[in-house]
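Structural characterization, general
Now for the letters of each chain:
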Amino acid sequence: MAIGFCIGDFFELSSSVVILVRVALILFSAVVVFLFYEIQFFERLILKWKLTKRFSKYLEAYEHIGRVELTQVLALSFLRYMIYATQFVLLMQLFDLNYSLSKMYLSIMLTLYGITLVPTVAISEPAVRASVAGRILGVYNDKSDLIMVATLSLWFVNLVIPAVFGAITLLNIKLKSK
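The present account deals with the structure reproduced in this document. On a predicted model such as this, the values are computed, not experimentally measured, just so you know.

1. Description of the overall build of the protein
Counting secondary structure elements, the protein contains eight helices and zero strands. Order of helices (α) and strands (β) in the protein, N terminus to C terminus: α-α-α-α-α-α-α-α. Dimensions along the principal axes, computed over C-alpha positions, put the protein at roughly 70 × 50 × 30 Å. For the protein, with 178 residues in total, the buried portion stands at 25%. Once local pairs closer than 6 in sequence are excluded, the contacts in the protein between residues at least 24 apart make up 53%. Accessible surface computed for the protein: about 12300 Å², of which carbon and sulfur atoms make up 70%. The positive charge centre, built from 16 side chains, and the negative charge centre, built from 11, are 10 Å apart in the protein.

2. A few points about the nonpolar core
Counting 17 residues, the largest nonpolar core has F88, M92, I108 and L137 as the members making the most contacts within it. Among the elements that make up this core, the one with the highest residue count is helix α5 (residues 67–94) (six residues). Those residues in contact with F88 that lie beyond four places of it in its chain are I108, T111, A133, L137, A150, T151 and L154.

3. Examining the packing of aromatic side chains
Two numbers describe a pair of aromatic rings. These are the distance of the centres and the angle of the planes. By the definition in use, this model includes one aromatic pair. Between F36 and Y37, the ring centres sit 5.3 Å apart and the planes meet at 85°, which makes this aromatic pair edge-to-face. With a relative accessible area of 22%, F36 lands in the partly exposed category.

4. Focus on unusual backbone geometry
Its identity as a non-glycine residue notwithstanding, D96 has a phi of 60°, on the positive side. When you line up the elements, D96 lands in the loop between α5 and α6 (101–117).

5. Observations concerning the pattern of salt bridges
Going through the model one piece at a time under the given rule, you end up with three salt bridges. A salt bridge links D96 to K143; the nearest nitrogen and oxygen atoms lie 3.9 Å apart. Residue D96 is located in the loop between α5 and α6, and its partner K143 is located in the loop between α7 (125–137) and α8 (144–177); the two are separated by 47 residues in the primary sequence. Given the relative accessible area of 29%, K143 is considered partly exposed. Across the pair E125 and R129 runs a salt bridge, and its minimum N-O distance is 2.8 Å. Linking E125 with R129, this pair stays in helix α7, spanning four residues, or about one helical turn. With a relative accessible area of 22%, E125 lands in the partly exposed category. On the basis of relative accessible area, R129 is assigned to the buried category, the value being 14%.

6. Focus: the side chain of T111
Within the element layout of this structure, T111 appears in helix α6. For T111, a relative accessible area of 0% translates into the label buried. If we ignore the near neighbours within four places in the chain, the residues touching T111 are F88, V132, A133, I136 and L137.

7. Considering α8
In this model, α8 (34 residues) spans 48 Å end to end at C-alpha, consistent with the 50 Å of a helix rising 1.5 Å per residue. Along α8, the sharpest kink reaches roughly 35°, centred on F156. Of all the residues in α8, the buried ones are I147, A150, T151 and L154. Next to the buried residues of α8 lie α5 and α7.

Here is what the cut-offs are and how they apply
Residues numbered from 1 in each chain as written. Predicted model: local features only at pLDDT ≥ 70, side-chain atom pairs only at ≥ 80, totals over all residues. Heavy atoms only, no water. Helix = DSSP H or I, 4+ residues; strand = E, 2+ residues; numbered from the N terminus. Buried < 20%, exposed > 50% of the residue type's maximum accessible area, 1.4 Å probe, protein only. Contact = heavy atoms within 4.5 Å. Areas by Shrake-Rupley, 256 points an atom, 1.4 Å probe, with all protein chains shown as cover. Lys, Arg positive; Asp, Glu negative; His and termini not counted. Charge placed at Lys NZ, Arg CZ, Asp CG, Glu CD. Core = buried A, V, L, I, M, F, W, Y, C linked by side-chain atoms within 4.5 Å. Phe/Tyr/Trp six-rings, centres within 6.5 Å; stacked < 30°, edge-to-face > 60°. Salt bridge = Lys/Arg side-chain N within 4 Å of Asp/Glu carboxyl O. Expected span 1.5 Å × (residues − 1). Bend = angle between axes of the 7 residues up to and from the residue.

Okay, structure coming up:
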């Protein structure tokens, strides 16, 4: 969805094309939500091909989850996403990368989508995150070095620090069990 709202900032397009892209993305999002809740329809659709029959056991497990649980999962996922985006906004403001809040959230959504699309291995993940954020958020601000620092700070706070605490906890548990 963020693509539809930011597309005019990245490409020279007529307003009718921008509106068309936005409508297409809204329809696509509606279809994805429908398929999320109506897994049986999705299962019938996808299992028509021989190549996808091996995934049927995974779809069967999904069928036993009720709508309430699916809604809870969707709500928790959205909450997690908004917390992460808000952390990113706060870090950008800390590094004096101020521009409109709506532009920040939309470009952060686009950045997170871009990071998801780029295949990485663990060692290159920080560089990929910083590079994608620098390119996307750099459209609105010429301080790409500070954008990369904010991105790496977010990665450090959300991945490195919890990993270190987890490793220390596991080490303490192993030492106590001996």
